[in-house]
Amino acid sequence: MKNRKQMIDDERGYFFGFARGTYGEVLSELGKTKVNSWRTSSIPLAEFWQPTNLGRIGGLLAKHLPDFNPVCALKFFEFPTDALSDGERIGRPSMTDIMILEAGVQIAVEGKMTEYVYYSDKTVREWMNEGASSAGILLRHRIHRAWLCYIHNAGCTCLSGLAEFSSNCMDVSYQFLHRTASACNKAGVKDGTIPVLIYQLFYDAKDFEHVAKMEAYKESLRGWASALKLQNMKFLIIATPVTNMVEAKEKFGSMHGEIFDAMRDNDIYKFDFDATTVEAVIDTDKEVR
């Protein structure tokens, strides 16, 4: 029989506090997170997924997720997924921007707006090389093995194992690896739950350079999915135009976390739903080519 220490992390229905499940609670908690600027991607993502937009979001995704009802789904912002090795929690958790749970699907949503314009994703190779000592490198091997196991256990990769991963996937974005793992963790077609990974890319509709950077990032996403040989899941890229970047800067450019309080009564960003596109890089049982 397990003792108290061994059972402390078992999933047995324990919760702290009593959340009511409101959008207002989400905004309050997001206001406490690190917000570098008014263009931090968590801001448009939170605003896009507000209650008044859920019906339109369901319409956007209907072709690829025909039974998905975003109104009824559970929507967890800043959702942690731990890397486990032999039952031990190792490294830092992967923090998914929004984890959405509904009967039959588990959806991990990653939002981006300026990140792909100004920065390059850190690759698995670069992340591994950050391990300053042999012990640090060994730990990182265990961590990336844990992420790969989540994807493999869900039946969502054709990779034969770690050797093939090391040969083909070292230049994959490390974040893309653990976001994919988060979507696959405790899911899979055999368990009756389809893992879904969504990258939602917001862009300034009036900035041609921003659009070009977004298209280049889409190509990177497709390449990383191909390298991981993903299958038996859905991987969607949502490209959402923002039409009022100049106005948003004028009104909210000096704000940080308090911008989420402003969001209760104001439109920070305006989205062109009609021009929003949804691309299926992988659709359930089809391996990306």
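Residues numbered from 1 in each chain as written. Predicted model: local features only at pLDDT ≥ 70, side-chain atom pairs only at ≥ 80, totals over all residues. Heavy atoms only, no water.

**Focus: unusual backbone geometry**
Note: most residues except glycine have negative phi, and most peptide bonds are trans. The residue Glu 78 is not glycine, and still its phi comes out positive at about 55°. Note that Glu 78 resides in strand E1 (residues 74–85). A residue is classified by how much of its surface remains accessible, and Glu 78, at 31% relative accessible area, is partly exposed. Of note in the backbone geometry, Lys 229 takes a positive phi value of approximately 55° without being a glycine. Relative to the helices and strands, Lys 229 resides in the loop between helix H10 (208–227) and strand E5 (233–242). Looking at Lys 229, the relative accessible area reads 25%, which means it is partly exposed. (Helix = DSSP H or I, 4+ residues; strand = E, 2+ residues; numbered from the N terminus. Buried < 20%, exposed > 50% of the residue type's maximum accessible area, 1.4 Å probe, protein only.)

**With respect to the layout of surface pockets**
Each pocket or cavity is described by its volume, and for the second largest pocket that value is around 1,300 Å³. What lines the second largest pocket is a set of 37 residues, among which Glu 110, Lys 112, Glu 115, Gln 175 and Arg 179 lie closest to the centre. Looking at the lining of the second largest pocket, the elements that each hand over two or more residues are strand E2 (88–102), strand E3 (105–112), helix H5 (115–118), helix H7 (134–153) and helix H9 (174–184). Residues belonging to the lining of the second largest pocket are distributed by class as follows: 9 nonpolar, 15 polar and 13 charged. (1 Å grid on protein atoms, 1.4 Å probe; cavity = no way out; pocket = protein on both sides within 12 Å on 5 of 7 lines; lining within 4 Å. Points joined across faces, edges and corners; volume = space filled by probe spheres on them. Nonpolar A, V, L, I, M, F, W, Y, C, P; charged D, E, K, R; others polar.)

The analysis is restricted to geometry; functional conclusions fall outside its scope.
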